[in-house]
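In case you want the letters, here they are:
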Amino acid sequence: MFTRADLEAREDAGLSPFARRSGQARREVPEPPSETRTAYQKDRDRVLHTKAFRRLEAKTQVFLNAPALGDHYRTRLTHTLEVQQVARSVALSLGLNETLAETVALAHDLGHPPFGHAGERLLDGLMGDSGGFDHNTQARRIVTLLEERSGERPGLNLTLDALDGLNKHGRAGLPPEQRQPSLEAQVVDAADALAYTAHDLDDGLRSGLLHPGDLLELPLWRELQERSGIRTERPSSADLRTLQRELLGWLIGDLTRSSDAAIAASGVASPDAVQAHPTRLVTYSPALRPHLRETGEFLRERLYRHWQVERQVYQAEQVLTELFTAFLTRPALLPPRPRSRVERDGLSRAICDHLAGMTDRFALETHRQLRG
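Read on for an overview of the structure.

About the thresholds
- Residues numbered from 1 in each chain as written.
- Predicted model: local features only at pLDDT ≥ 70, side-chain atom pairs only at ≥ 80, totals over all residues.
- Heavy atoms only, no water.
- Helix = DSSP H or I, 4+ residues; strand = E, 2+ residues; numbered from the N terminus.
- Rg over C-alpha atoms; globule rule 2.2 N^0.38 Å.
- Buried < 20%, exposed > 50% of the residue type's maximum accessible area, 1.4 Å probe, protein only.
- Contact = heavy atoms within 4.5 Å.
- Areas by Shrake-Rupley, 256 points an atom, 1.4 Å probe, with all protein chains shown as cover.
- Lys, Arg positive; Asp, Glu negative; His and termini not counted.
- Charge placed at Lys NZ, Arg CZ, Asp CG, Glu CD.
- Core = buried A, V, L, I, M, F, W, Y, C linked by side-chain atoms within 4.5 Å.
- Axes fitted to C-alpha atoms, helices over the stretch in contact; angles between N-to-C directions.
- Parallel < 35°, antiparallel > 145°, perpendicular 65-115°, else oblique.
- Salt bridge = Lys/Arg side-chain N within 4 Å of Asp/Glu carboxyl O.
- Polar contact = N/O pair within 3.5 Å; in protein donor to acceptor, adjacent residues only side chain to side chain.
- Expected span 1.5 Å × (residues − 1).
- Arc of directions from axis to C-beta.

### Considerations on the overall build of the chain
Scanning the chain from terminus to terminus reveals 18 helices and zero strands. Its C-alpha atoms give the chain a radius of gyration of 22 Å, within 12% of the compact-globule value 21 Å for 372 residues. In terms of principal-axis extent, the alpha carbons of the chain reach across some 60 × 60 × 40 Å. Residues classed as buried in the chain amount to 54% of the 372 residues present. Sequence separation of 24 or more characterises 70% of the internal contacts of the chain that already satisfy a separation of 6 or more. About 17,500 Å² of surface is accessible on the chain, with carbon and sulfur atoms providing 51% of the total. Where the 49 positive side-chain charges of the chain centre and where its 52 negative ones centre are 3 Å apart.

Structure follows, in structure tokens:
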């Protein structure tokens, strides 16, 4: 049987010098180590067992999580698992700590509210005078405060490395030696963008809101067809599956090779040197970056702002606005748990936490019940 010490020794022997080691991980509140699991394995398992993680199954990725729309569209949970898979693959290829990458990937979207980015924008507006709302900040709030693994203290007591990995974007206030996230967190950030680019194209085609002929406007899609040998303007379902598979392989391969070259050229030799480096080192090739930027703009204009998606956005805004207003004007409508946090966090933040934790279905059902 492999013990924790055996696993840590395997990390020391097999990982790159710039990878994080679980044997060096620290927690805000020290706790006895496990006999069989590394610190990052404990982090990963704690995230997996949260209620917030289970609720991702019924939260919007692009399309509202409703039975009438079908069972095969991505939800926030399936997106998270796809990010985990990509991040683990890239981390393994680069000699990084794949368990830390997995942990950050599994936790990175815990803070998303119902109804996807529309819900996030609305809550940010409603909380404008009370600190705003951001799903990355909310993910940290969930794992440090709102989820409880014991009655002794709030939060999951994750390692400081995992918590820092959730702070992938807002690093302006950190000291220069922490200007960048770890390479494991950088891999998750890139895997997140890769997954939603590839899979939102797939869901857009599945929904019929995008058509294969539309994608010929994209240099990325045209090159993909050349690479795969599928050059028809009307690819079959089997062709589309092949194109999706080829796209993922192309993006993952490019990300891995380009990042490996950037890390080697930087000369970093430790995790601390990575965080102090002036630029991020996990990156795509110069040839692919404009393709991805154009594809993101295409998805924004042709899918995310499609009139049928906008109709869902409008419904979501109505539901969340009315729920927020109802709880704000009549706090007695709040269930006991969020009401118990009003004194500590303020009424607006307690309401925001409650709404952000809702699934699409629960928000719609709560709205229906309050309207009578």
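### Examining the nonpolar core
Across soluble globular proteins, you tend to see nonpolar side chains buried next to one another. Judged by nonpolar contacts, the single largest core of 75 residues is most densely connected at Leu 96, Leu 110, Leu 183, Leu 194, Leu 210, Leu 215 and Leu 247. Here this core gets ten residues from one element, more than from any other, and that element is helix α9 (residues 183-207). Beyond its immediate stretch of four places on either side in the chain, Leu 215 contacts Leu 201, Leu 205, Leu 210, Trp 221 and Phe 298. The next biggest cluster of nonpolar side chains, apart from the first, holds 18 residues, and it includes Phe 115, Val 319, Phe 327 and Leu 334.

### Details of the packing of helix α10 (residues 219-228) against helix α11 (residues 237-266)
Two elements in contact, α10 and α11, have axes separated by 10 Å at closest approach and are oriented at 105°. The angle between α10 and α11 falls in the class roughly perpendicular. Contacts from Leu 220, Trp 221, Glu 223, Leu 224, Gln 225, Arg 227 and Ser 228 in α10 reach Leu 240, Leu 243, Glu 246, Leu 247 and Trp 250 in α11.

### Thoughts on the pattern of salt bridges
Per the stated rule, a full pass over the model turns up 29 salt bridges. Between Glu 217 and Arg 302 there is a salt bridge, and its shortest N-O distance comes to 3.1 Å. On the criterion of sequence distance, the pair formed by Glu 217 in the loop between α9 and α10 and Arg 302 in helix α13 (residues 289-304) is long-range, its members being 85 residues apart. According to the relative accessible area criterion, Arg 302 is partly exposed, its value standing at 29%.

### Remarks on the environment of Glu 148
The residue Glu 148 is located in the loop between α7 (135-146) and α8 (160-166) in this model. A sequence separation of 105 residues divides Glu 148 from Gly 253, and the C-alpha atoms of the two residues are 39 Å apart. With near-sequence residues (within four places) excluded, Glu 148 lies in contact with Pro 154, Gly 155 and Arg 337.

### Observations concerning the side chain of His 277
Among the secondary structure elements, His 277 is positioned in the loop between α12 (271-276) and α13. A polar contact is formed between the side chain of His 277 and the backbone oxygen of Thr 279, at a distance of 3.0 Å. Not counting residues within four places of it along the chain, the set of residues in contact with His 277 comprises Arg 179, Gln 180, Ser 266 and Val 268.

### What about helix α18 (residues 360-371)?
Taking 1.5 Å per residue, twelve residues should reach 16 Å; α18 reaches 17 Å between its end C-alpha atoms and fits that length. If you check which residues of α18 are buried, you get Asp 360, Ala 363, Thr 366 and His 367. Looking straight down α18, one finds that the buried residues subtend no more than 135° of arc, so they occupy a single side. Once α18 ends, the next one or two residues include Gly 372, with phi positive near 80°.

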